[in-house]
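Each chain, written out:
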Number of protein chains: 4
Amino acid sequence: MQFHFDVEAMVKVGVIGATGAVGQRFVQLLAEHPWFELVALAASGRSAGKRYGDVANWRLGTPIPENVRDFEVLPTDPKQVDVDVVFSALPASIAREVEPRFAEAGFVVASNASSYRMESDVPLMIPEVNPDHLGLIKIQRDARNWDGCIITNPNCTTIVMALTLRPLMRFDIERVYVATMQAVSGAGYEGVASMTILDNVIPYIKDEEEKVETEAQKILGKFDGSKVKNADFSVSASCHRVPVMDGHTEAIWVMMRDNPTIEEVRNAFRTFRCDEVKGLPTAPEKPIIVHDADDRPQPRVDRNAGRGMSVSVGRVREHAGGVKYIAMGHNTIRGAAGASVLNAELLVKKKMI
Amino acid sequence: MQFHFDVEAMVKVGVIGATGAVGQRFVQLLAEHPWFELVALAASGRSAGKRYGDVANWRLGTPIPENVRDFEVLPTDPKQVDVDVVFSALPASIAREVEPRFAEAGFVVASNASSYRMESDVPLMIPEVNPDHLGLIKIQRDARNWDGCIITNPNCTTIVMALTLRPLMRFDIERVYVATMQAVSGAGYEGVASMTILDNVIPYIKDEEEKVETEAQKILGKFDGSKVKNADFSVSASCHRVPVMDGHTEAIWVMMRDNPTIEEVRNAFRTFRCDEVKGLPTAPEKPIIVHDADDRPQPRVDRNAGRGMSVSVGRVREHAGGVKYIAMGHNTIRGAAGASVLNAELLVKKKMI
Amino acid sequence: MQFHFDVEAMVKVGVIGATGAVGQRFVQLLAEHPWFELVALAASGRSAGKRYGDVANWRLGTPIPENVRDFEVLPTDPKQVDVDVVFSALPASIAREVEPRFAEAGFVVASNASSYRMESDVPLMIPEVNPDHLGLIKIQRDARNWDGCIITNPNCTTIVMALTLRPLMRFDIERVYVATMQAVSGAGYEGVASMTILDNVIPYIKDEEEKVETEAQKILGKFDGSKVKNADFSVSASCHRVPVMDGHTEAIWVMMRDNPTIEEVRNAFRTFRCDEVKGLPTAPEKPIIVHDADDRPQPRVDRNAGRGMSVSVGRVREHAGGVKYIAMGHNTIRGAAGASVLNAELLVKKKMI
Amino acid sequence: MQFHFDVEAMVKVGVIGATGAVGQRFVQLLAEHPWFELVALAASGRSAGKRYGDVANWRLGTPIPENVRDFEVLPTDPKQVDVDVVFSALPASIAREVEPRFAEAGFVVASNASSYRMESDVPLMIPEVNPDHLGLIKIQRDARNWDGCIITNPNCTTIVMALTLRPLMRFDIERVYVATMQAVSGAGYEGVASMTILDNVIPYIKDEEEKVETEAQKILGKFDGSKVKNADFSVSASCHRVPVMDGHTEAIWVMMRDNPTIEEVRNAFRTFRCDEVKGLPTAPEKPIIVHDADDRPQPRVDRNAGRGMSVSVGRVREHAGGVKYIAMGHNTIRGAAGASVLNAELLVKKKMI
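Notes on the structure in this doc start here. (Residues numbered from 1 in each chain as written. Chains lettered and ligands numbered in written order. Predicted model: local features only at pLDDT ≥ 70, side-chain atom pairs only at ≥ 80, totals over all residues. Heavy atoms only, no water.)

1. Topic: the overall build of chain A
Quick reminder of the rule: Note on conventions: DSSP H or I runs of at least 4 residues are helices, E runs of at least 2 residues are strands, and numbering of each starts at the N terminus. Only C-alpha atoms enter the radius of gyration, while the globule expectation follows 2.2 Å times N to the 0.38, with N the number of residues. Whether two residues touch is decided by their heavy atoms; if any such pair falls within 4.5 Å, the residues are in contact. Computed by Shrake-Rupley with a 1.4 Å probe, the accessible areas treat only the displayed protein chains as cover when residues are assessed. In this tally, Lys and Arg are treated as positive and Asp and Glu as negative; His is ignored, and so are the chain termini. Charge placement uses NZ in Lys and CZ in Arg. For Asp and Glu, CG and CD serve respectively.
For chain A, the count of helices and strands is 11 helices and 14 strands. For a compact globule of 353 residues, the expected C-alpha radius of gyration is about 20 Å, and chain A comes in at 19 Å, within 12% of that figure. Dimensions of chain A along its principal axes, counting C-alpha atoms only, are 60 × 50 × 40 Å. Sequence-distant contacts, at least 24 apart, represent 75% of the contacts inside chain A between residues at least 6 apart. Roughly 12500 Å² of accessible area belongs to chain A as shown, and the carbon and sulfur atoms make up 46% of that amount. Where the 41 positive side-chain charges of chain A centre and where its 46 negative ones centre are 1 Å apart.

Listed below in structure tokens is the structure:
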């Protein structure tokens, strides 16, 4: 890290929805975080009161952090969680109800749930892409009379795509086609049965195409001080599940009015940086890594690049009307838990926590 | 089968390149064929002279046909193979040299190799799609002074796509985007190492995109009695390998000038038939099966539909400029061995063998 | 089939628990059965009243039989099912309650559930192994005052092992060790999550080792006209789940007091036949297939041998005290649905239905 | 690390056979090693002279170390490699010829190859198990008149088993049965084709059972100052390949004359430590981790425990004559590259390098 940013005191944080696939990623990322002290884990009534190590059924490839194993799981109740920030890995239907209660009670809710992403006063953030959208928080607090707030990150598939579209905005994007090959972890631990996916592809993920087709325009839209004006390109998505554990791979066609060359596109990817994230512990050195080899990026080999926070691209090729390329990113780190953590880090840096 | 077509006598056939993944499919399909009597299996010098059952390393999910197990493998030499038709499962580099020698010696070569597909006097056939292209054979024989001939089927990925594009031609196709999720069997038995593909996607298949982008226009082109005039839409392909044994899944966007509704497109798929293939033993009852369920077609569940010869489609949806849908077909049956067998059956029906 | 056995009239049959993984196998096997006419499919209240094709979520590699797709699913109630035989694919906890109600109401219940396997008056059958145990049915009817009866087949893992132990009984088996590599289909459609098993082995299957360690002695025991005296060898099992769709592979060590040579053991496997099953439509020509190749049997390649009813063995090797070998069989055909069907066929042949 | 051991100066090391699966693990482990400075990478003539990053086809889940990417690959020639220790990831057939040339030229050869493991004057080491076997090096040097030496680690499967047998030696082991479920990485990058292993188990690994059945007795044997007297129990192994990337799972039955209780066995595992490895950077805090959960250990979840150097055990159960349990370890770290590195660290600590 070239730039060092000091926090004066550790920020106390908790995770709600802490036992699932994304919840465990939050725990993994926060257990040794330099700014955040993980002190509370909440989950559904079934788990509350029990030892986290007993109910989490830990399935990540690195051992459960020792200091977290013995945490008592709390109920998902603002009164019982004593922290400044809650990271939400709740399912959308529950998040819709629960997150406002936390925001109202004064918590910063950094949410991975889809429930509030498209609300006009809720920032839908990728810190390297639209840090200025943080301005929506003031508007949200005023409108809803909250002490806390909700800040969201996009759907995992959208994040991987939108991060790579950002540097192409300069070429005047007109239209995007994206076909995805998504990892099973995106559906949670019980989301995809083995008999469904072994030796198979499932060409459908509920509500996914709709999310991918609508979220990117908000993220890449302009914040004018009071609201976000959507970017005006269209996205058409076809979403598929493949037998991969982690890492979403996306084949993307982008039509651009300015007709850049392949080398201009590769260069735009390679040089993409954002000063606003300098010094954030979770920000990768390179948000986008450009591969030269024909057969990259690959999820198993590249998903952990930048500790899971870099998006890898490759195979930039021409087609009539634009370029096509492959993008791949870690769906539960850059695409979920890491995204929320990075959002919260930006708030800390901006003194908004 | 509603229509019955009688052959007067069994046609003697052989397979060259008989030990590989496609070669074994040929053996499986021909072992009990009602018109073809499989009498010769040829392979590389390494295997010649040995028992087929010993060298084939049979890996299909049904047992090796008993009557074939003890065949002595022959060298790939027109003088040593006494048949009327040879089915070629040779690698392209070898096929380029070997197939003309067979054609010159008077054999009908029904080839799955890519070597001669794009030659202007070689028919590139899907019997349900362009049966009239058979007319090229006379031109080929005249031009090359051959007693035999070469007839080819498209690349596996192209077949699945082109079969579904055929009924959409009436809506005036302008452009096609296709992202594929291809099975490992397409690369042959040693083609994809397990460490390459387990828990992974490989976003590259050598030469595949080029084939998909050029073959469809020839297949869907018009034969004017002397040559084929290519269809005038463009195709842009992105090809990927996934951990699936058999069955290529394709996400396809089609832009059409006539702007059909979804129901018109589904109906075009559903009613697609070709009289020319009536009575051919390998022709499926329905060349295209249309699924209603959101999560279909799937390779593991649908690849054997129509004994591996039907292409399954589903999820027909709108997008600006056209429709998108999913197509899936068995890559080594409809996409390779079955395609060549169907070609040869059409020749028999047309009294060209 | 060398021996032909004629049934005078088709026997009407139904399946209870028809929508799950084993239930679908029953439907697949019975849809075109020469003796049995499938007329009723029952399932839980949730599915009753609906179309089978809509609720079954068919996932086998061959299409759902056309004639069955439109069946209305019945409730699991003896009064609403008008058949002679019900095949039970119920979970054990439900089978315990439901099966006696059917037996009492006069049905023959051919059950794959574990609930009654070890009851002293219930036959635990593998037709090629212990056809005389059918004698228990009379005792069961007398004891329980039932017009119908319950006949069971062993656990899938036990069947594969016990069928191969039967021909070794002549060498006086003393002890058996078995380590299994079991397919996910054994746990039912939702039994094993993809995040659990992709790139993984689960070294535990609930209650499985206990079943394998106790069932074989009953199957291989002697029926003395009134009860079965267990065989007196011990079995120690270690059971593991692997990322395989169908087919249980088992590494088996057998200690035998008579110290047979490898060739004697292979010969015992190879020549194993049972006259009692002659003419049964589901009985495979060879109950045990002996492989010579070092790397066989394999589940993907060999599971469909004998239409899924043959058990394949290979790699018979010496070790101090006996032999070790590999056995593999299709767990939902020979190990479940096919086993029950074969049991029922034996009853028909014996005029007990 | 409770104990700190200081090296006076970095030891220069190289890897021969650096491009394969084990070679890449060596590079990964050595790139940031506190005692060893990786300065040379050698490979076959085909790769020599090229950039390591270009020829290695890096496939580990963490990126290729930056400082190594640009190394020029050297030929496998003692004259061209200027280091103190070479780590050998050569195939056995090549190692047999090459390793003595390095040893003769004065190098310490820490080898993962099988070629010299069973030679009576070559130590076959697991540092926690038989550190005193290092005494063989003096004997080897005297006998062969070498300035350097060869020190070997066992086969990957043997290491996992032998490490868990060591603490059970106190109960007087009589016999061992082991069934393995081995990862594909054990066969190298091109070792197992995807069409071989997807949805499959291969019940055979060439020469593996022989290695497992003979190596453990040497490792667990007694060194009397001049030679190793083998331990006197027998091992019978059945080895199988499963679709797992890394991590060998083993079902082990151990017959012990002293008949320990399950709790004594678990306790022996849990308390197993070896003072000799204190302070070695690669030695894990716990050589054996004992799991309580029924469904552990699992390769995907537990293979990275102790940075890949801990062996995980679980499911200790009784059977007539002893106990059975599951052991699992990372086959290319603890079972290969990490094993060689630990061997070399022990030599450094003992001032033998």
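Moving on from the coordinates now.
2. Some remarks on a positive patch on the surface
All names here are of chain A. Which entries qualify depends on this criterion: Nonpolar side chains (Val, Leu, Ile, Met, Phe, Trp, Tyr) within 5 Å and like charges within 9 Å form the patches, drawn only from residues with over 30% relative accessible area and no salt bridge. The salt bridge criterion pairs a side-chain nitrogen of Lys or Arg with a carboxyl oxygen of Asp or Glu, the two atoms within 4 Å. The cut-offs for exposure are 20% and 50% of the maximum accessible area for each residue type, with area from a 1.4 Å probe on protein chains only; residues under the lower value are buried, those over the upper are exposed, and the others partly exposed.
On the surface, a cluster of positive charge is made up of Arg166, Arg170, Lys222 and Lys229. Mapped onto the elements, Arg170 comes out in the loop between helix 6 (156-165) and strand 7 (173-182). You can call Arg170 exposed: its relative accessible area is 51%.

3. What to know about the interface of chain C and chain B
The condition that has to hold: Summed over both partners, the accessible surface that disappears when two parts come together, traced with a 1.4 Å probe, is what is meant by buried area.
Between chain C and chain B, the contact holds 12 residues from the first and 12 residues from the second. Both sides together, the interface formed by chain C and chain B hides about 1000 Å², and carbon and sulfur atoms give 46% of it. Sorting the residues of chain C by area buried against chain B places Gly61, Arg300 and Val301 of chain C first, and these three jointly supply 43% of that buried surface. Our enumeration of links across chain C and chain B arrives at zero salt bridges.

4. Some words on the packing of helix 6 (residues 156-165) of chain D against helix 8 (residues 208-219) of chain D
All names here are of chain D. To keep things clear, this is the line we draw: Interaxial angle, 0 to 180 degrees, is taken between N-to-C directions of lines fitted to C-alpha atoms, where a helix line uses only the stretch in contact. Angular relationships are summarised with four words: roughly parallel below 35 degrees, roughly antiparallel beyond 145, roughly perpendicular across 65 to 115, and oblique for the angles in between. Each crossing gets its hand from how the near helix is turned against the far one by less than a right angle, where anticlockwise is left-handed and clockwise is right-handed. Only Asp, Glu, Lys and Arg are considered charged in this grouping, and only Ala, Val, Leu, Ile, Met, Phe, Trp, Tyr, Cys and Pro are considered nonpolar; every other residue, Gly among them, is considered polar.
For the pair helix 6 and helix 8, interaxial distance at closest approach is 9 Å and the crossing angle is 40 degrees. Comparing their axes, helix 8 and helix 6 come out oblique. When you trace helix 6 past helix 8, the crossing you get is right-handed. For the pair helix 6 and helix 8, the contacting residues are Cys156, Thr157, Thr158, Met161 and Ala162 in the first and Glu208, Lys211, Val212, Glu215, Ala216 and Ile219 in the second. By residue class, the composition of the contact of helix 6 with helix 8 is six nonpolar, two polar and three charged.

5. As for the relation of the copies chain A and chain B
As a reminder, the rule being used: In superposing the copies, a least-squares fit is computed on C-alpha atoms, taking residues whose pLDDT is at least 70 in both.
Turning chain A through 180 degrees and shifting it by 0.0 Å along the axis lays it on chain B, with an RMSD of 0.0 Å. Taken together, the rotation angle and the small translation identify this as a two-fold axis. Here 100% of the interface residues in chain A have copies in chain B that are interface residues too; the copies meet face to matching face.

6. Looking at the relation of the copies chain C and chain B
Aligned on chain B, chain C shows an RMSD of 0.0 Å; the corresponding rotation is 180 degrees and the shift along the axis is 0.0 Å. Most of the interface of chain C is mirrored in chain B: 100% of its interface residues are interface residues there too.

7. Regarding the packing of aromatic side chains
Filter applied, for reference: When two rings of Phe, Tyr or Trp (its six-membered ring) have centres within 6.5 Å they constitute a pair, described as stacked for plane angles under 30 degrees, edge-to-face for angles over 60, and tilted for the intermediate range. Only when the NZ atom of a Lys or the CZ atom of an Arg is both within 6 Å of the ring centre and within 35 degrees of the ring normal do we say a charge sits over the ring.
This model, assessed by the stated rule, comprises 24 aromatic pairs over all chains. Ring geometry for Tyr177 of chain A versus Tyr177 of chain B: centroids 4.8 Å apart, planes at 15 degrees, classification stacked. Of the two residues, Tyr177 of chain A sits in strand 7 while Tyr177 of chain B sits in strand 7 (residues 173-182), which places them in two different chains. Each member of the pair, Tyr177 of chain A as well as Tyr177 of chain B, is classed as buried. Taking 5.3 Å as the distance between ring centres and 35 degrees as the angle between the ring planes, the aromatic pair formed by Phe26 of chain B and Phe87 of chain B counts as tilted. With Phe26 of chain B in helix 1 (residues 21-30) and Phe87 of chain B in strand 4 (residues 85-88), the pair connects residues that are 61 residues apart, well separated along the chain. Of the two residues, Phe26 of chain B and Phe87 of chain B, neither departs from the other in class, the shared state being buried. Each member of the aromatic cluster is reached from another via a ring pair, and the members are Tyr177 and Trp253 of chain A together with Tyr177 and Trp253 of chain B. The lysine or arginine in question, Arg96 of chain C, covers the ring of Tyr116 of chain C, its NZ or CZ lying 4.6 Å from the ring centre.

8. Concerning empty space enclosed by the protein
Our working rule: Only protein atoms enter the 1 Å grid used here, on which a cavity is any set of points holding a 1.4 Å probe that cannot leave and a pocket is any open set flanked by protein within 12 Å on both sides along at least five of seven lines; residues with an atom within 4 Å of a point are listed as lining. Grid points are joined across faces, edges and corners, and a volume is the space filled by probe spheres set on the points.
Applying the stated criterion across every chain yields a total of one cavity of 30 Å³ or more. Approximately 180 Å³ is the volume found for the largest cavity. What lines the largest cavity is a set of 14 residues, and nearest its centre among them are Leu198 of chain A, Leu198 of chain B, Leu198 and Pro243 of chain C together with Leu198 of chain D. Residues that form the lining of the largest cavity fall into these classes: 10 nonpolar, no polar and four charged.

9. What about the environment of Leu280 of chain B?
Inspection of the secondary structure puts Leu280 of chain B in the loop between helix 9 (262-270) and strand 12 (288-290). It is 19 Å that separates the C-alpha atoms of Leu280 of chain B and Val160 of chain B, two residues lying 120 residues apart in sequence.

10. Regarding the interface of chain A and chain B
How big an interface is tends to be reported as the loss of accessible area on association of its parts. Heads up, the rule is: Throughout this description, a polar contact denotes any pair of N or O atoms lying within 3.5 Å of each other; where both atoms belong to protein, one of them has to be capable of donating a hydrogen while the other can accept it, and for residues adjacent in sequence the pair is counted only when both atoms sit in side chains.
On the side of chain B, 45 residues touch chain A, which itself brings 44 residues to the contact. Both faces considered, chain A and chain B share a buried interface measuring about 3300 Å² in area, 56% of it formed by carbon and sulfur atoms. The largest share of the area that chain A buries against chain B comes from Asp199, Pro203 and Trp253 of chain A, three residues that together contribute 18% of it. The interface formed by chain A and chain B contains eight salt bridges. Where Arg317 of chain B meets Glu209 of chain A, a salt bridge forms, and the shortest distance between an N and an O atom there is 2.6 Å. Taken together, chain A and chain B are joined by 28 residue pairs in polar contact (both at pLDDT 80 or more). The set of elements that each furnish at least two residues to the side of chain A that touches chain B consists of strand 7, helix 8 (208-219), strand 10 (234-241), strand 11 (248-256), helix 10 (299-302), strand 13 (311-319) and strand 14 (322-329) of chain A. The residue inventory of the side of chain A that touches chain B, partitioned by class, reads 24 nonpolar, seven polar and 13 charged.

11. Regarding helix 11 (residues 333-349) of chain A
Residues and elements named next belong to chain A. As a reminder, the rule being used: Each residue after the first adds 1.5 Å to the expected span of a helix. Bend is computed residue by residue as the angle between axes fitted to the seven residues ending at the residue and the seven residues starting at it.
Under the 1.5 Å per step criterion, the end-to-end length of helix 11 is only 20 Å for 17 residues, more than 12% shorter than the ideal 24 Å. Roughly 50 degrees is the biggest bend found in helix 11, and it falls at Ala339. Most of helix 11 is tucked away: 17 of the 17 residues are buried. After helix 11 finishes, the residue Lys351 shows a positive phi value of roughly 60 degrees.

12. Quick word on the pattern of salt bridges
Under the counting rule described, the total for this entry stands at 100 salt bridges over all chains. Linking Arg303 of chain D and Asp199 of chain C is a salt bridge whose minimum nitrogen-to-oxygen distance equals 2.8 Å. Highlighted residues: Arg303 of chain D in the loop between helix 10 (299-302) and strand 13 (311-319) and Asp199 of chain C in the loop between helix 7 (194-197) and helix 8 (208-219), drawn from two different chains. Arg303 of chain D gets classed as buried once you look at its relative accessible area, which sits at 11%. Where Arg117 of chain D meets Glu215 of chain D, a salt bridge forms, and the shortest distance between an N and an O atom there is 2.9 Å.

13. Some thoughts on the pairing of strand 14 (residues 322-329) of chain C
Residues and elements named next belong to chain C. The criterion, for reference: When DSSP finds two or more bridges between a pair of strands, those strands are recorded as paired.
Summarising burial for strand 14: eight of the eight residues are buried, a large majority. Bridge analysis of strand 11 (residues 248-256) against strand 14 gives eight bridges, and the strand direction is antiparallel. In the sheet register, Glu250 faces strand 14, and the bridge partner there is Ala327. Judged from the six bridges that link them, strand 13 (residues 311-319) and strand 14 form a sheet pairing that is antiparallel. What sits directly across from Ser312, in strand 14, is Met328. Where strand 13 folds back on strand 14, the antiparallel hairpin that results is connected by two residues, among which Gly321 adopts a positive phi of roughly 100 degrees.

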